[in-house]
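# Summary of the model geometry
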Amino acid sequence: MQQYDGIDVSVYQGPINFQAVAQAGIEVVYIRAGSSPDRIDSNFEINTRKALDAGLHVGFYYYLRARTPEEAAGQARRFHRLIAGKTFDCRPAMDYETFPGLTREQINKNGTSFLKTLQGLLGYEPILYSNLNAVRNIWNASLSAYPLWIAEYGVDRPKSTGAWKTWSGFQHSDAGNIPGIRGRVDLDHFRSSVFIQDTTPKPDPERYTVKPGDTLWDIANAHHTTVSALAELNGIVNPGLIYPGQQLLIPSGGQGSYFLYRIQKGDTLSQIASRHHTTVEILADLNQIADPNRIYPGEVLKIPRP
């Protein structure tokens, strides 16, 4: 399974030369966006901009301190507001590791509230950052529905992932030295499941033979896809006209190797293409843009991965 070398950073690393970081072989960076109750990491904006300029895969994490599920949900909404409109292709992460005076039940309710609220806002699963002890002794099995980013130092692989079958992120050191960063920094390994659009190769589409009485809606429903997806994949102009014996390709899932970017005021397609190491022509084709000179703030673009 392919792994990506990564780091996670905050204001404590001070000014970072992300070009040097990228040249050192780092591919993924998680950036602290904020922390409870209302703090924004003072290097959040500059770290984000410079990491993207260096061509790194970017994710954000939020350091949660919550006493109640309501408080945790409010912090999830705040985290989402901080990262909305930013370019990132790694799952946003909940970092919830200090809970003085709380019972295990309370901790799990708070963590679940944060993750469920954030998932509802994002439309996909965020990732849970945790240390080995919490994975073993605190988190309920229900939290294993979310990808795991586990911290354990001085080992080649985690000794345990508890209720999780595997990990998506593994923080293996808190004392790394990387060109471009003064002092120590956390070192990580990441798997493709950390990306919002998983880069794990997808199987080829399966084939289905239309039976008498089939409708495209029935076939789509049975294969957990949509009528429009089937029509597009098979070049069907009229979704109401399919025939017994006709061979249909069934989508295997996933949306391809791209991530999403919300256009900001002042952006041009040329600037966006240059920033993400692609071309205007590719962006225009992928997003069905008729006039590359006409894009608008707030619109969402598909950006192919480098």
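An account of the accompanying structure is given in this report. Keep in mind that what you see is a predicted model, and the values were worked out from it rather than measured.

Parameters at a glance
- Residues numbered from 1 in each chain as written.
- Predicted model: local features only at pLDDT ≥ 70, side-chain atom pairs only at ≥ 80, totals over all residues.
- Heavy atoms only, no water.
- Helix = DSSP H or I, 4+ residues; strand = E, 2+ residues; numbered from the N terminus.
- Expected span 1.5 Å × (residues − 1).
- Buried < 20%, exposed > 50% of the residue type's maximum accessible area, 1.4 Å probe, protein only.
- Contact = heavy atoms within 4.5 Å.
- Core = buried A, V, L, I, M, F, W, Y, C linked by side-chain atoms within 4.5 Å.
- Salt bridge = Lys/Arg side-chain N within 4 Å of Asp/Glu carboxyl O.
- Polar contact = N/O pair within 3.5 Å; in protein donor to acceptor, adjacent residues only side chain to side chain.

Bringing helix α4 (residues 104-122) into the picture now. Over its 19 residues, α4 extends 27 Å from the first C-alpha to the last, a length consistent with the 27 Å expected when each residue adds 1.5 Å. Within the sequence span of α4, burial applies to I107, N108, N110, G111, S113, F114, L115, L118 and L122. Next to the buried residues of α4 lie β4 (57-63), α3 (69-83), β5 (93-95) and β6 (127-131). Directly after α4, the chain includes G123, whose backbone phi takes a positive value near 90°.

Our next topic: the nonpolar core. Counting residues in hydrophobic clusters, the biggest one holds 54 residues, and the most contacted among them are I7, V9, V29, F60, F114 and W139. Counting residues in hydrophobic clusters, the runner-up holds 13 residues, among them W149, A151, F190 and V194.

In this section: the pattern of salt bridges. Enumeration over the complete set of coordinates arrives at seven salt bridges. The partner of E125 in a salt bridge is R91, and the shortest N-O contact between them spans 3.7 Å. With E125 in the loop between α4 and β6 and R91 in the loop between α3 and β5, this residue pair connects regions lying 34 residues apart in the sequence. Take E125: its relative accessible area is 30%, and that puts it in the partly exposed class. Accessibility expressed as a relative area gives 11% for R91, which makes it buried.

Turning our eyes to something else, we now look at the environment of Y296. Topologically, Y296 is positioned in the loop between α9 (280-286) and β13 (300-304). The partly exposed category is assigned to Y296, whose relative accessible area is 41%. Between the alpha carbons of Y296 and Y243 there is a distance of 42 Å; along the sequence they are 53 residues apart. Within the structure, Y296 has its side chain in polar contact with the side chain of R294 (distance 3.1 Å).

Tracing the backbone through its elements, the reader meets E45 in helix α2 (residues 44-53). E45 sits 13 residues away from R32 along the chain, and the two C-alpha atoms are 9.9 Å apart.

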